[in-house]
Each structure stands twice: as C-alpha cells, then as structure tokens.
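Architecture and fold: a report
Given next are the chains, with one letter for each unit.
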Amino acid sequence: IDFDLILKNVKYLNVLAGEGISEIEHTPRGARLRQPEPLPLTLYQNGIVLDSGAFRPYQDPATQQCLQDIMDGYFPSELQLRYPDGV
C-alpha cells in the first residue's frame, strides 16, 4: 500500500469534491451557505475506518478495492450507491 500516493490522491479528490466551497441551502426563511459534510477516512497501521463505519483490516478484499480505487485516482466505487452524484 502506497500511503504517500493515497494521501496525495485524497487531497486531489477533496478538491474535486469541492473542499472549501460552500453550497446554497434553501430554508423556509431564505437561504444560507453550507459546507458539504466531510467523509472521514482514517488510516491505521493495520487497516482503515471509512466514515463512522467499522474498522477494516488491509487484508479484507473490500478494503483493498477501496484503497486501490483511491490510489488509481478515483472515489471509492463502494460509495457510488450512497453518493450517486459524487462525494
């Protein structure tokens, strides 16, 4: 696992996802600016935690696919159903 590449690509993907850009949220009394909710990824020596999910060891095939997607420069494919318009 290339942690340097993962960190570099996470920064790039965050920019693509609109990091630091506010969205307009319409309310009954007008509108307000809102920051998109972050999706935390925590890297550990022996695994990851994505969002508020369970710990996932690096040996797990789903974890390997998630990290491979990130290393390839893509948002994790496992998030497509949850975020059909992108993260």
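Scope of this entry: the structure provided in the associated data block. In this text, all values refer to a predicted model and were calculated from it rather than measured experimentally.

Moving on: the overall build of the protein chain. Assigned secondary structure in the protein chain consists of two helices and five strands. Counted from the first residue to the last, the protein chain has its helices and strands arranged as α-β-β-β-β-β-α. Relative to a compact globule of 87 residues, whose C-alpha radius of gyration would be 12 Å, the protein chain shows 15 Å and is clearly more extended. Principal axes of the C-alpha set define a box for the protein chain whose edges measure 50 × 25 × 20 Å. Residue burial in the protein chain is summarised as follows: out of 87 residues, 22% are buried. In the protein chain, the share of contacts with a sequence separation of at least 24, taken over all contacts with a separation of at least 6, comes to 33%. On the protein chain, roughly 6,500 Å² of surface is accessible, and the fraction owed to carbon and sulfur atoms is 54%. Of the side-chain charges in the protein chain, 7 are positive and 12 negative, and the distance between the mean point of each set is 9 Å.

Moving on to the packing of helix α1 (residues 3-16) against helix α2 (residues 61-71). The N-to-C vectors of α1 and α2 enclose an angle of 65°; their axes lie 8 Å apart at closest approach. By the angle between their axes, α1 is roughly perpendicular relative to α2. For α1 against α2, the interelement crossing comes out left-handed. Across the interface between the two elements, L5, I6, N9 and V10 of α1 pack against L67, I70 and M71 of α2.

We now examine α1. With 14 residues, α1 extends 20 Å between its outermost C-alpha atoms, agreeing within 8% with the 20 Å of an ideal straight helix rising 1.5 Å per residue. Those residues of α1 that are buried are in contact with β3 (41-43) and α2. If you check the start of α1, you find a side-chain oxygen 3.3 Å away from the backbone N of D4, and it comes from D2. Residue G18 follows α1 closely and has a positive phi angle near 100°.

Turning next to the environment of E25. Among the structural elements, E25 can be located in strand β1 (residues 23-27). For E25, a relative accessible area of 24% translates into the label partly exposed. As for E25 and Q35, which are separated by ten residues in sequence, their C-alpha atoms are 9.5 Å apart. In contact with E25, other than residues within four places in its own chain, are G30, A31, R32 and R34. A polar atom in the side chain of E25 sits 3.4 Å from the side chain of R34.

Conventions used here
- Residues numbered from 1 in each chain as written.
- Predicted model: local features only at pLDDT ≥ 70, side-chain atom pairs only at ≥ 80, totals over all residues.
- Heavy atoms only, no water.
- Helix = DSSP H or I, 4+ residues; strand = E, 2+ residues; numbered from the N terminus.
- Rg over C-alpha atoms; globule rule 2.2 N^0.38 Å.
- Buried < 20%, exposed > 50% of the residue type's maximum accessible area, 1.4 Å probe, protein only.
- Contact = heavy atoms within 4.5 Å.
- Areas by Shrake-Rupley, 256 points an atom, 1.4 Å probe, with all protein chains shown as cover.
- Lys, Arg positive; Asp, Glu negative; His and termini not counted.
- Charge placed at Lys NZ, Arg CZ, Asp CG, Glu CD.
- Axes fitted to C-alpha atoms, helices over the stretch in contact; angles between N-to-C directions.
- Parallel < 35°, antiparallel > 145°, perpendicular 65-115°, else oblique.
- Left-handed = near helix turned anticlockwise from the far one by under 90°.
- Expected span 1.5 Å × (residues − 1).
- Polar contact = N/O pair within 3.5 Å; in protein donor to acceptor, adjacent residues only side chain to side chain.

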